[in-house]
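Below are the chains, spelled out letter by letter.
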Amino acid sequence: MPAISAGLLMFRERKRELEVLLVHPGGPWWRNKDHGAWTIPKGEPSPGEDLLRAARREFKEETGVPPQGPYVPLGKVKQRGGKTVHAWAFRGDLQAGGIRSNTFRMEWPPGSGKFQDFPEIDRACFFGMEAARGKINAAQVPLLDELERQLSGSSP
């Protein structure tokens, strides 16, 4: 069965510019990656879990901040590896430098027999839309486009 993720895209307006919150994956594989490595906070739902509920849970786990709706559906995108990401947007704000992410354990270095804990998300940042398009995983750019489309018609 193909992998599914659910996520939330927080947005705000600063000096008449739309900004979105993106997160950078933690761990040694992502340490030196930047352009195209950032993502919306997201994760896999539990079996039978409602996708929006999963997106809200994942946002809190990855940022330490409980999200507050209303939530605007952004649709879904399919990433290069085959994972489908379902997304919603919501208006909000937080201190991006103060996120508290959950952790994961992995063998590092590979084959060493030593295990280390790493944050699932090592940093978060608000980006203007132009900058966000360069930072975000390319498959998720349509989520930014859909947010702009919906906001140009009416505010959530």
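These numbers come from a predicted model, not from an experiment. Each chain carries its own residue numbering, running from 1 in the direction its sequence is written. Per-residue local features of the predicted model are confined to residues with pLDDT of at least 70, and side-chain atom pairs are confined, for both listing and counting, to 80 or more; whole-chain, interface and lining totals are unaffected and use all residues. Excluded from the side-chain calculations are hydrogens and water; all other atoms, namely the structure's heavy atoms, are used.

Q: Mind showing me how you'd approach the packing of aromatic side chains here?
A: Each aromatic ring pair is specified by the distance between its two centres and by the angle formed by the two planes. What counts as a ring pair is set by centres within 6.5 Å for rings of Phe, Tyr and Trp (its six-membered ring), and what kind of pair is set by the plane angle: stacked under 30 degrees, edge-to-face over 60, tilted for all other angles. The final tally for this structure, using the stated rule, is 4 aromatic pairs. With 5.3 Å between their ring centres and 80 degrees between their planes, F59 and F90 make a pair best called edge-to-face. Taken together, the residues F59 in helix α1 (residues 51–63) and F90 in strand β5 (residues 84–91) connect sequence positions 31 residues apart. Summarising the burial analysis for this pair, F59 and F90 share the class buried. Measuring from ring centre to ring centre gives 5.9 Å for F104 and F118, while their planes differ by 35 degrees; the resulting arrangement is tilted. Of this pair, F104 sits in strand β6 (residues 103–107) while F118 sits in strand β7 (residues 115–119); the two residues are 14 residues apart in sequence, bridging distant segments of the chain. Secondary structure counts use DSSP, requiring at least four H or I residues in a row for a helix and at least two E residues in a row for a strand, with both numbered from the N terminus. A 1.4 Å probe rolled over the protein chains alone gives each residue an accessible area, and that area as a share of the maximum for its type sets the label: buried under 20%, exposed over 50%, partly exposed in between.

Q: Looking at this structure, I do not really get the nonpolar core. What am I missing?
A: The set of buried Ala, Val, Leu, Ile, Met, Phe, Trp, Tyr and Cys residues whose side-chain atoms join them within 4.5 Å is what this entry labels a nonpolar core. Ranked by internal contacts, the top residues of the largest apolar core, which has 21 residues, are L9, V20, L22, I40 and L147. Elements represented by at least two residues in this core include exactly β1 (4–14), β2 (17–25), β4 (72–78), β5, α2 (129–135) and α3 (141–153). Beyond its immediate chain neighbours, meaning those up to four positions away, L9 contacts V20, L21, L22, I40, L74, W88, A89, F90, L143, L144 and L147. Of all hydrophobic cores here, the second largest spans 16 residues; its members include A6, A55, I121 and A124. We call two residues in contact when some of their heavy atoms are within 4.5 Å.

Q: How should I be thinking about the pairing of β5 in this particular structure?
A: Each regular strand carries side chains that alternate between the two faces of the sheet. The element β5 is extensively covered by neighbouring structure, given that 7 of its 8 residues are classed as buried. Two strands pair if DSSP finds at least two bridges between them. With 8 bridges connecting them, β1 and β5 associate as parallel partners. Bridge pairing links A6 to H86 in β5. Here 6 bridges tie β4 to β5, and the two strands are oriented antiparallel to one another. Across the sheet, residue V72 finds its bridge partner in β5, namely A89. In this antiparallel pair of consecutive strands, β4 and β5, the connection spans 5 residues, and G82 shows a positive phi of 105 degrees.

Q: Looking at this model, I keep getting lost on α1. Mind explaining?
A: Helical periodicity: at 3.6 residues per turn, an α-helix aligns residues three or four positions apart in one direction. Expected span of a helix: the number of residues minus one, times 1.5 Å. With 13 residues, α1 extends 18 Å between its outermost C-alpha atoms, agreeing within 8% with the 18 Å of an ideal straight helix rising 1.5 Å per residue. Of the residues making up α1, those classed as buried are A54, A55, E58, F59, E62 and T63. For α1, the buried positions fall inside an angular range of 135 degrees around the axis, keeping them on one side. Elements that come into contact with the buried residues of α1 comprise β1, β2, β3 (42–43), β5 and β8 (121–128). Measuring from the backbone nitrogen of L52 back to the side-chain oxygen at the start of α1 gives 3.2 Å, which picks out D50 as the cap. An arc is given here, and it is the one of the directions from the helix axis to the C-beta atoms. Polar contact criterion, stated in full: a pair of N or O atoms within 3.5 Å, where within protein one must be able to donate a hydrogen and the other to accept it, and residues adjacent in sequence count only if both atoms are side-chain atoms.

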